[in-house]
Amino acid sequence: MYINESGSRLNNRNIILIVDFGSQYTHLISQRIRSLGVYTEIVSPDDINLVPDILKNACGVILSGGPKSVLNEAYPSIELPLIIKHRLPILGICYGHQLVAKYFGGIVKRGVKREYGPVVVERRESRLFTGVPGRFKVWMSHWDVVENVPEGFNAVAFTEYGNIAAMEKTDYPITTLQFHPEVKHTDYGTRILDNFIRFYTKCRRDWSPVNILDLLEEELKFLKNEKVIVGVSGGVDSTVTSVILRRIIGDDNVIPVFIDTGLLRDGERDWVEELYKDILNFKNFFIYDASKIFLENLAYVRNPEKKRRIFSETYIKVFEDVADRLKKLHGDIKYLAQGTLYPDRVESGVVSKYVDRIKSHHNVVIYGKHRFKIIEPLKDLYKNEVRVLARELNLPSEVYLRHPFPGPGLAIRIVGRITKRKLEILRKADKIVYEEVKKANVYDKVWQAFPILLSVKSVGIKGDVRSYEYIIVIRIVESEDAMTANFYKASWELLERISKRILNEVEGVNRVLYDISNKPPATIEFE
Ligand code: XMP
């Protein structure tokens, strides 16, 4: 099981376990703690309840927020005595705060209205608030409130409306917060998390993503006499995966394969070829043009999950074809490596059962049978950690500063049926968005910037002639880990330049919109 595997990976009793009750912010907590130098792992409540041994590797436990209410009959819970038996400090956040209150006999009530957004809190004396002023702004998102703290606890912060915002146990290191210290709208949030590590736990600050290089060296050495195909895209994740594998098992054994799906952006294939052949000098780099089969299989498909499923089935089949083709040269190839990251696995519902499966990331949920053994060296890391590795490995900045591009590519940026004409339109629009965002020095400030083609047409007028053409949506988002995102407050000038150029230069489009939705409730991609 995953947790045992990674528990023993860092066999030093120095992990903060984050129990995920289904919050969108769980990964933010995890990233913040890692950036403070302590490795984290996200586990489900059942992992703790059923496999309490995982606590042996922990130096602290954080209980996340979540959408459920402890006032409902069946609410997700956790065996707190198991954690206490291991003398592990606990930080409860939002749902975690209410769960602790209820468990120890405090009173939790349904609030009159949902408290969402910024709230000012006033704190009392507590080591948790060392270096934090008496009043500060925090981010709230909850219905339930702790009305009375349990016996043996002190309330240590109150909201401006008089609700309990934080409490702690007097004789055991349990401290809980109604608000979210992990989101950047909470002032001193990182300081509070830092204080938790410093004053409540005995965790050592020895985590850096660079540590993973030594661990992988050990874990992947069994591949030294094997050939491994790496599915590459030119993005930072798959590039770091190829380079790490090459370091461990040698250039002869790594076969980076780039599949032209026909769903790529303009110039993408050339860029990846240049990167792998001329810049990184991979001897076995291989390009395979599978655009015909992808476009055939996806023709007439409108449903997003169906698109993803068909993409995924085709993708793995194409890799099997590639392995067959390469057999003469490389012999039997049993292994396929991918740059899957930690959040990819969570969004695909692989990690916690309380998180609904939102989208099937094609490189996580591989549909259909296949003959490969999958290798995912980065499966425990976040994108920003992979970027640190990319620098450490001296990869060119174009690689680590490159925006993420989803595996199914433009297929999930065309809402509705995919046709060659729509792909052509979207490619031209994409090039313009890229050029303008770069020129405005916005590219490096945002998570992603791209256009989407809606398969609806609207009426317009070009010259003196009525037109009836497609609508392009521009999406520019800021994010720290793609689990949550805000639309970028782009300048009117930038938006106007993009819109003017698309309307003038891209035939078949007569309307350009800007997407002002945050994630949640929207997602970054449209499908
Ligand atoms: P969403 O749309 O879920 O996207 O908010 C979150 C991040 O993941 C990228 N994404 C994918 N990446 N395969 C990938 O490799 C996929 O199927 C996939 N779907 C979304 C998306 O671009 C964003 O950065």
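Residues numbered from 1 in each chain as written. Predicted model: local features only at pLDDT ≥ 70, side-chain atom pairs only at ≥ 80, totals over all residues. Heavy atoms only, no water.

Engineer: Please explain the environment of Tyr400 as it appears in this structure.
Structural biologist: Checked against the element boundaries, Tyr400 lands in helix α14 (residues 397-400). Residues Tyr400 and Thr26 lie 374 residues apart in sequence; the distance between their C-alpha atoms is 24 Å. (Helix = DSSP H or I, 4+ residues; strand = E, 2+ residues; numbered from the N terminus.)

Engineer: Looking at this structure, I do not really get the state of the cysteines. What am I missing?
Structural biologist: As used here, a disulfide is simply a covalent bond connecting the sulfur atoms of two cysteines. Counting across every chain of the model gives one disulfide. Covalently, Cys59 is tied to Cys203 through a disulfide, its sulfur atoms 2.1 Å apart. Residues Cys59 and Cys203 share a disulfide whose torsion about the S-S bond is about 105 degrees; that sign makes it right-handed. You can see Cys59 sitting in strand β3 (residues 58-63) and its partner Cys203 sitting in the loop between α6 (189-200) and α7 (211-219), a full 144 residues away along the chain. (Disulfide = S-S within 2.5 Å.)

Engineer: Teacher, can you tell me more about the pairing of strand β9 (residues 174-177) here?
Structural biologist: On a regular strand, one side chain projects to one face of the sheet and the next to the other, so that they alternate. Residues Ile174 and Thr176 point to one face of β9 and Thr175 and Leu177 to the other, with burial holding for every one of them. Both strand β4 (residues 90-93) and β9 contribute to a ladder of four bridges, which runs parallel. Pairing of Ile90 across the sheet is with Ile174, part of β9. Where strand β8 (residues 164-169) folds back on β9, the antiparallel hairpin that results is connected by four residues. (Buried < 20%, exposed > 50% of the residue type's maximum accessible area, 1.4 Å probe, protein only. Pairing = 2+ DSSP bridges.)

Engineer: It is not clear to me how the site of the ligand should be interpreted in this structure. Could you clarify?
Structural biologist: Lining the immediate environment of the ligand, one finds 17 residues, of which Arg308, Lys359, Lys519, Ile524 and Glu525 sit closest. Gln448 has a polar side-chain atom sitting 2.8 Å from an oxygen atom of the ligand. In isolation the ligand has 500 Å² of accessible area, and contact with the protein removes 92% of it. Across the shell around the ligand, the residue classes tally to six nonpolar, six polar and five charged. Counting only domains with at least three residues in the shell around the ligand, you end up with domain 2 (211-400) and domain 3 (413-514). (Near = heavy atom within 4 Å. Polar contact = N/O pair within 3.5 Å; in protein donor to acceptor, adjacent residues only side chain to side chain. Areas by Shrake-Rupley, 256 points an atom, 1.4 Å probe, with all protein chains shown as cover. Nonpolar A, V, L, I, M, F, W, Y, C, P; charged D, E, K, R; others polar. Domains from an automatic or database assignment.)

Engineer: I would appreciate a short explanation of the packing of aromatic side chains in the present structure.
Structural biologist: The final tally for this structure, using the stated rule, is 18 aromatic pairs. Between Tyr39 and Trp207 the ring centres are 4.7 Å apart and the planes differ by 55 degrees, which places this aromatic pair in the tilted class. Of this pair, Tyr39 sits in strand β2 (residues 39-43) while Trp207 sits in the loop between α6 and α7, placing them 168 residues apart in sequence. Here the basic side chain of Arg265 rests over the ring of Phe405, its NZ or CZ set 3.8 Å away from the ring centre. Directly above the ring of Trp447 sits Arg387, whose terminal nitrogen or CZ lies 5.6 Å from the centroid. (Phe/Tyr/Trp six-rings, centres within 6.5 Å; stacked < 30°, edge-to-face > 60°. Lys NZ or Arg CZ within 6 Å of the ring centre and 35° of its normal.)

Engineer: Where do I start with helix α8 (residues 236-249) in this structure?
Structural biologist: Count 3.6 residues to each turn of an α-helix, and residues three or four apart come out pointing the same way. Over its 14 residues, α8 extends 20 Å from the first C-alpha to the last, a length consistent with the 20 Å expected when each residue adds 1.5 Å. Counting buried residues in α8 gives twelve out of 14 residues, a clear majority hidden from the surface. When α8 is considered as a whole, its buried residues turn out to be Val236, Asp237, Ser238, Thr239, Val240, Thr241, Ser242, Val243, Ile244, Leu245, Ile248 and Ile249. Backbone geometry just after α8 places Gly250 at a positive phi near 90 degrees. (Expected span 1.5 Å × (residues − 1).)

Engineer: I'm lost on empty space enclosed by the protein in this one. Help?
Structural biologist: Over the atoms, a rolling probe the size of a water molecule traces out where space has been left empty. Overall, the coordinates contain two cavities of 30 Å³ or more when judged by the stated rule. The calculated volume of the second largest cavity comes to roughly 30 Å³. Along the walls of the second largest cavity sit Leu213, Glu217, Ile244, Arg247 and Ile248, which together make up its complete lining. Ranked by residue count, the leading element in the lining of the second largest cavity is α8, at three residues. Its residues assigned to classes, the lining of the second largest cavity shows three nonpolar, no polar and two charged. (1 Å grid on protein atoms, 1.4 Å probe; cavity = no way out; pocket = protein on both sides within 12 Å on 5 of 7 lines; lining within 4 Å. Points joined across faces, edges and corners; volume = space filled by probe spheres on them.)

Engineer: Help me out: how do you make sense of the packing of α7 against α8 in this one?
Structural biologist: Describing two packed helices takes the angle between their axes plus the distance from one axis to the other. Packing of α7 against α8 leaves a shortest axis separation of 10 Å and a crossing angle of 50 degrees. With respect to each other, α7 and α8 are oriented oblique. Our pair here, α7 against α8, has a crossing hand that is right-handed. Contacts between α7 and α8 pair Leu213, Leu216 and Glu217 from the former with Ile244, Arg247 and Ile248 from the latter. Looking at the contact of α7 with α8 residue by residue, the class counts come to four nonpolar, no polar and two charged. (Axes fitted to C-alpha atoms, helices over the stretch in contact; angles between N-to-C directions. Parallel < 35°, antiparallel > 145°, perpendicular 65-115°, else oblique. Left-handed = near helix turned anticlockwise from the far one by under 90°. Contact = heavy atoms within 4.5 Å.)

Engineer: Mind showing me how you'd approach the packing of helix α15 (residues 420-439) against helix α16 (residues 492-505) here?
Structural biologist: At a minimum axis distance of 10 Å, the contact between α15 and α16 shows a crossing angle of 150 degrees. When the axes of α15 and α16 are compared, the pair comes out roughly antiparallel. Of the two possible hands of crossing, α15 and α16 adopt the one that is right-handed. Side by side, α15 and α16 meet where Ala429, Ile432, Val433, Glu435, Glu436 and Val437 of the first sit next to Leu494, Arg497, Ile498, Arg501, Ile502 and Glu505 of the second. Partitioned by chemical class, the residues of the contact of α15 with α16 number seven nonpolar, no polar and five charged.

Engineer: Is there a simple way to think about the nonpolar core in this case?
Structural biologist: Considering soluble globular proteins, one finds that nonpolar side chains tend to be buried as a cluster. Formed by 72 residues in total, the largest nonpolar core has its most connected members in Leu63, Ile78, Val240, Ile244 and Leu245. With seven residues, the top contributor of residues to this core is α8. When residues of this core are sorted by domain, at least three fall in each of domain 1 (3-200) and domain 2 (211-400). In this structure, Ile78 is in contact with Val19, Phe21, Ile48, Asn49, Leu63, Ile83 and Leu99, ignoring residues within four places of it in sequence. Judged by nonpolar contacts, the second largest core, of 52 residues, contains Leu298, Leu326, Val437 and Ala449. (Core = buried A, V, L, I, M, F, W, Y, C linked by side-chain atoms within 4.5 Å.)

Engineer: What is the right way to look at the pattern of salt bridges in this model?
Structural biologist: For side chains bearing opposite charge, pairing can occur when the charged atoms are close. Counting across every chain of the model gives 37 salt bridges. A salt bridge links Arg501 to Glu435; the nearest nitrogen and oxygen atoms lie 3.0 Å apart. Of the two residues, Arg501 sits in helix α16 while Glu435 sits in helix α15, which places them 66 residues apart along the sequence. Glu435 gets classed as partly exposed once you look at its relative accessible area, which sits at 28%. A salt bridge links Glu469 to Lys462; its shortest N-O distance comes to 3.2 Å. When its relative accessible area of 17% is taken as the criterion, Glu469 is described as buried. (Salt bridge = Lys/Arg side-chain N within 4 Å of Asp/Glu carboxyl O.)

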